[in-house]
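Single-letter residue listing:
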Amino acid sequence: MSKKNLLSLFIALIPVSLILGTFILNLNVLILIISGLVLFINGLRFKFDKIDILIVLFFIYILFSGFWNTIEINFIIENDNKNYYILNKSILFLRYLLLYFSIRLIVSNKLINFKLIFYSYSLITLFVSVDIIFQFFYIKDLFGLVSPFFYKIDTGETVIYKVTGPFYDEAIAGGFIQKFALFAFFSFFIFSKIKSVSAKVYISSTVFFIILISIIFSGNRMPLILFILNF
């Protein structure tokens, strides 16, 4: 596998990492950061622009906020127990700045296969959407998982008020779908070889309907609003 496809594969697997859990996600992030560092050592660079400066300032603000909150908790407010949790989280959050620069370096040097990433995000989004719809009607999802967010009515029927799908005990399916949903539309229009406009409209409408219904069934209200605004 070429360097371009290998790096793209790790980026394409980010949604899968989110589903599999924190450890896999952090491992994927670490691999991408190391890849970016290796490319930087080998001489690859990118031109800094205003967006990059704004992102750096945002992370500096997060770090400063963490330092200030830690000082306030431990030294200004009377507190016998020292707590450095916020500071530690702020420092660890910097890994996403390194991740941003790594992906920025990869993209700027054209070491990325957009088709692979778009199709991967689209297929994973549609799979989670179908899984949510399936669990809504059959209680169990395609993996046999049952959402812990349910109650039973007087008739004994089980009603799920938050459908979690592959996330099991985390009610974040709607937010996950909303974040990656637009890839399903763009990948179809950018990379599809279908020439018929009516066919494109029909397929995109079907995709929209599946994603919209899945977010509604997930029980997450804000992702539904964000999805409609994004669309």
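The following paragraphs examine the structure supplied in this document. (Residues numbered from 1 in each chain as written. Predicted model: local features only at pLDDT ≥ 70, side-chain atom pairs only at ≥ 80, totals over all residues. Heavy atoms only, no water.)

Brief notes about the environment of phenylalanine 217
Just so we agree on the cut-off: What counts as a helix is a DSSP run of H or I of at least four residues, what counts as a strand is a run of E of at least two, and both are numbered from the N terminus. Any two residues having at least one pair of non-hydrogen atoms within 4.5 Å are treated as being in contact.
Along the chain, the position of phenylalanine 217 falls in helix α9 (residues 197-218). Spatially, the C-alpha atom of phenylalanine 217 lies 23 Å from that of serine 17, the residues being 200 residues apart in sequence. Other than its neighbours up to four places away in sequence, phenylalanine 217 contacts Ile132, Ile133, Phe136, Phe137 and Val163.

A word on the layout of surface pockets
Empty space among the atoms becomes visible once a probe the size of a water molecule is rolled across them. Applicable threshold: Using protein atoms alone on a 1 Å grid, points that fit a 1.4 Å probe yet trap it form a cavity, whereas open point sets bounded by protein on both sides within 12 Å along at least five of seven lines form a pocket; residues with an atom within 4 Å of a point count as lining. Grid points are joined across faces, edges and corners, and a volume is the space filled by probe spheres set on the points.
The space that makes up the largest pocket amounts to roughly 760 Å³. As for the largest pocket, its lining consists of 27 residues, and the residues nearest its centre are Ile14, Leu18, Leu25, Leu99 and Phe180. When contributions to the lining of the largest pocket are tallied by element, the ones reaching two or more residues are α2 (14-20), α3 (22-41), α6 (95-108), α7 (114-138) and α8 (173-191). Here the element with the most residues in the lining of the largest pocket is α6; it accounts for six residues. The wall of the second largest pocket is formed by Ile33, Gly36, Leu37, Phe40, Arg45, Phe46, Leu98, Phe101, Ser102 and Leu105. When contributions to the lining of the second largest pocket are tallied by element, the ones reaching two or more residues are α3 and α6.

Points about the packing of α7 against α9
Filter applied, for reference: An axis is simply a line fitted to the C-alpha atoms; with a helix, the fit covers only the stretch in contact. Between two such axes, the angle follows the N-to-C directions and lies from 0 to 180 degrees. For classification purposes, an angle smaller than 35 degrees is called roughly parallel, one larger than 145 roughly antiparallel, one from 65 to 115 roughly perpendicular, and anything else oblique. Put simply, a crossing is left-handed when the front helix is turned counterclockwise from the back one by less than a right angle, and right-handed when it is turned clockwise. Gly counts as polar in this scheme, as do all residues outside two lists: the nonpolar Ala, Val, Leu, Ile, Met, Phe, Trp, Tyr, Cys and Pro, and the charged Asp, Glu, Lys and Arg.
Look at α7 against α9: their axes get within 9 Å of each other, and the N-to-C directions meet at 50°. With respect to each other, α7 and α9 are oriented oblique. The element α7 and its partner α9 pack so that their crossing is left-handed. For the pair formed by α7 and α9, the contact residues are Thr125, Leu126, Ser129, Ile132, Ile133, Phe136 and Phe137 on the first element and Val207, Ile210, Ile211, Ile213, Ser214, Phe217 and Ser218 on the second. When the residues that make up the contact of α7 with α9 are grouped by side-chain class, the tally is 10 nonpolar, four polar and no charged.

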